[in-house]
Amino acid sequence: MSLLSFAYVALAVVLGTGAQLLLKAGTNATPVGFALALDPRILGGIACYAVSLVAWVLALSKTPVSIAYPMVSLGFALNAQRIAGIAVIMLGVWLVARS
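Note that the structure is a prediction, hence the values are computed from the model and not measured. (Residues numbered from 1 in each chain as written. Predicted model: local features only at pLDDT ≥ 70, side-chain atom pairs only at ≥ 80, totals over all residues. Heavy atoms only, no water.)

A. Structural detail: the confidence of the model for the protein. Summing up the model confidence of the protein, the mean pLDDT is 87 and the portion of residues at 70 or higher is 96%. For the protein, the element scoring lowest by mean pLDDT is helix α5 (residues 74–79), at 78; helix α3 (residues 40–62) scores highest, at 95. (pLDDT = per-residue confidence, 0-100. Helix = DSSP H or I, 4+ residues; strand = E, 2+ residues; numbered from the N terminus.)

B. Focus on α3. Taking 1.5 Å per residue as the helical rise, α3 with its 23 residues ought to reach 33 Å, and the 33 Å between its terminal C-alpha atoms agrees with that figure. Close packing links the buried residues of α3 with α1 (3–29), α2 (34–37) and α4 (65–68). Of the residues flanking the start of α3, the one acting as N-cap is Asp39, its side-chain oxygen 2.8 Å from the backbone nitrogen of Arg41. (Expected span 1.5 Å × (residues − 1). Contact = heavy atoms within 4.5 Å. Polar contact = N/O pair within 3.5 Å; in protein donor to acceptor, adjacent residues only side chain to side chain.)

Listed below in structure tokens is the structure:
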């Protein structure tokens, strides 16, 4: 995997994780309804997903799915609170990337 491919995957994962966190923050702060659609955190999450989609398409254009897709699990590590779980996920991603 080239550095550029890894950068695209990393960008897609980080933005996807950021989108999830923004969407969660928006739903916690605003009651469900029309106002929720206009909440800045919700709009920010949607924007992160849009840019993440572009980065993911670029990543897939340069990397086999069998290598790129397991790296999506890094998003779990970015949100995880348990160090052991993060270490196991990162080890697995590293092993897949080496193959």
